[in-house]
Amino acid sequence: MEKDADGFYSPAPAVAAGASSAPEAAPEASGSANPDNTDLIKSTFDVAVTLADQQADPNSPLFSVQTFEELGLHKDLLKGVYEMGFSKPSKIQERALPLLLRDPPQNMIGQSQSGTGKTAAFVLTMLSRVDFSLNKTQALCLAPSRELARQIMSVVVSMGKFTPIQTEYAIKDHLPRDATKVTAHIVVGTPGTMFNLIRSRTLDTSEVKVFVLDEADNMLDQDGLGEQTLKVKNALPKSRPLQIVLFSATFPDHVRAFASKFAPNANKIELKKNELSVEGIRQFYMDCKSAEHKYEILVSLYKLLTIGQSIIFCQHRSTADRISQRMVAEGHKVASLHGAKDGSERDAIIDNFREGREKVLITTNVVARGIDILQVNMVVNYDLPLMGERDNYGNKSDMRPDIETYIHRIGRTGRFGRKGISINFVHDKKTWEQMHEIEEALGKSITRIETDDLDTMEEQMKKHLK
Ligand SMILES: Nc1ncnc2c1ncn2[C@@H]1O[C@H](COP(=O)(O)OP(=O)(O)OP(=O)(O)O)[C@@H](O)[C@H]1O
């Protein structure tokens, strides 16, 4: 096998031609490891904009801005934006915000890669549309996990810092301030709990005018959260205009059609299929001898995992628990997080990780989406993400790679133009084929690293992350 220019072994299969020639996104200004670099404004990824009004020209300057001032945001919101260290809108903000803030409000289906600033786009929309003189709920935002709902809320609170915004959570084990009545302007939560608040009439939806789904493909997936999300939507008033805003880094074809029905006449921003993952994430794989060998390799990587911060993804909660307990027993410091833990414990674990008190987080798909921790420079797929396919009778058949989850998982690193590394563990023919399928679907090569050549790994990792 041949080594490539960086000293890595090339994977046996070739990848789609031209796939790796796309230019790199430039790193950003604030908080970056390299503050001299500017921001994602220089990112050259292309989006296709389709306006609901077919007569309008999507390339007109009306539908794109270079500065936050041009958006006509209230000065208190602008203050919030600048205080967060945002000097210019990112590509997706540049294209989405003029469309989102126009009157009369229009629906939006927005796609942009992980870590490119979608949150600020929909948070500014919610904050701009709230009438602060009315003490009623006017915007709802749903996300697939409590961790993501809490993170979105922190953006709402920071951006709205100079406004009189009132907020409330709709997440499990988190009672509203007034258990009988929620009147907060913006409510952020997960779909089941949001629906329970509405059904129990704790949350009055009569004045809701903005409805946001973050990770929308996941929120609409009929095998997952789709049913609950639909119940929330059906509980919203039909008598007043509702702006429906869907955002994600991925919209697989089977969800896209449903999304268009869910958010009719939406303006659309779409990515090309070969631009789904960001350029700053370098992908590797390690060929382990067996399932047990995966554990040994993970332990041998510990020093590299703790150079910055890292997230290790497992398919099952039991695996996350088992490997974290074993590593802790062997003297390593790692934390584990999954959906079987209760709310307050989950909050404490993610907060510890977010604040850098823990450097290695072993988890499941629960934090595969949306979580934004800039110091994470390494993601390990201890198990590749898999999903069951349904046959014609609706029975779940063989597991196949879950491309969307893979994109989201590796997207926990390489945020907003930063560099990151992802490593996939494969240990037999089947897992190797699954990884190859992912590689083909993304059109980006996944480079082999010898499991006994950690020095090369360390050297290259430091070089890439520099
Ligand atoms: N205009 C901006 N200037 C500087 N930093 C920004 C700007 N917009 C967003 N960011 C930062 O970029 C990071 C990623 O943003 P965000 O979490 O919204 O990404 P995302 O597109 O929602 O990603 P994902 O698909 O993974 O959910 C955040 O830390 C955010 O603060």
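Residues numbered from 1 in each chain as written. Predicted model: local features only at pLDDT ≥ 70, side-chain atom pairs only at ≥ 80, totals over all residues. Heavy atoms only, no water.

**Things to note about helix α5 (residues 191-199)**
Residues separated by three or four positions in an α-helix point in the same direction, a consequence of the helix having 3.6 residues per turn.
Item 1. If you check which residues of α5 are buried, you get Pro 191, Thr 193, Met 194, Phe 195, Leu 197 and Ile 198.
Item 2. Residues of α5 that are buried make contact with β3 (139-142), β4 (167-170), β5 (186-189), α6 (216-220) and α7 (226-234).
Item 3. Positive phi appears at Arg 201, one or two residues downstream of α5, with a value of about 65°. (Buried < 20%, exposed > 50% of the residue type's maximum accessible area, 1.4 Å probe, protein only. Helix = DSSP H or I, 4+ residues; strand = E, 2+ residues; numbered from the N terminus. Contact = heavy atoms within 4.5 Å.)

**Considerations on the packing of α7 against helix α8 (residues 253-262)**
Helix-helix packing is characterised by the crossing angle of the two axes and by the distance between the axes.
Item 1. Two numbers describe how α7 lies on α8: the axes approach to 13 Å, and their chain directions differ by 10°. Between α7 and α8, the crossing angle belongs to the class labelled roughly parallel. In this structure, α7 uses Thr 229, Leu 230 and Lys 233 to contact α8, whose residues at the interface are Phe 258, Lys 261 and Phe 262.
Item 2. Looking at side-chain class alone, the contact of α7 with α8 contains three nonpolar, one polar and two charged residues. (Axes fitted to C-alpha atoms, helices over the stretch in contact; angles between N-to-C directions. Parallel < 35°, antiparallel > 145°, perpendicular 65-115°, else oblique. Nonpolar A, V, L, I, M, F, W, Y, C, P; charged D, E, K, R; others polar.)

**A look at the packing of α5 against α7**
Item 1. Relative to each other, α5 and α7 sit at 30°, their axes nearing to 8 Å. As α5 runs across α7, the sense of the crossing is left-handed. Of the residues in α7, those touching α5 at Pro 191, Gly 192, Met 194, Phe 195 and Ile 198 are Gln 228, Thr 229, Lys 231 and Val 232.
Item 2. A per-class count over the contact of α5 with α7 returns five nonpolar, three polar and one charged. (Left-handed = near helix turned anticlockwise from the far one by under 90°.)

**As for the UniProt feature "domain: DEAD-box RNA helicase Q" (unreviewed entry) in the protein**
Item 1. Under the feature "domain: DEAD-box RNA helicase Q" (unreviewed entry), the UniProt entry names residues 66-94.
Item 2. For the annotated span residues 66-94, helix accounts for 45% and strand for 0% of the residues, and the straight-line distance between the end C-alpha atoms is 6 Å. (UniProt positions renumbered as here; feature names shortened; annotations may be inferred.)

**Points about the site of the ligand**
Item 1. Lining the immediate surroundings of the ligand are 21 residues, of which Gly 115, Lys 118, Thr 119, Asp 372 and Arg 415 lie closest.
Item 2. Note that an oxygen atom of the ligand is positioned 2.7 Å from one of the backbone N or O atoms of Gly 115.
Item 3. Take Lys 118: an N or O atom from its side chain is 2.7 Å from an oxygen atom of the ligand.
Item 4. Within the complex, the protein chains bury 93% of what would otherwise be the 640 Å² of accessible surface of the ligand.
Item 5. Per-class residue counts for the shell around the ligand are five nonpolar, nine polar and seven charged.
Item 6. Per-domain counts for the shell around the ligand show at least three residues from each of domain 1 (2-275) and domain 2 (281-465). (Near = heavy atom within 4 Å. Polar contact = N/O pair within 3.5 Å; in protein donor to acceptor, adjacent residues only side chain to side chain. Areas by Shrake-Rupley, 256 points an atom, 1.4 Å probe, with all protein chains shown as cover. Domains from an automatic or database assignment.)

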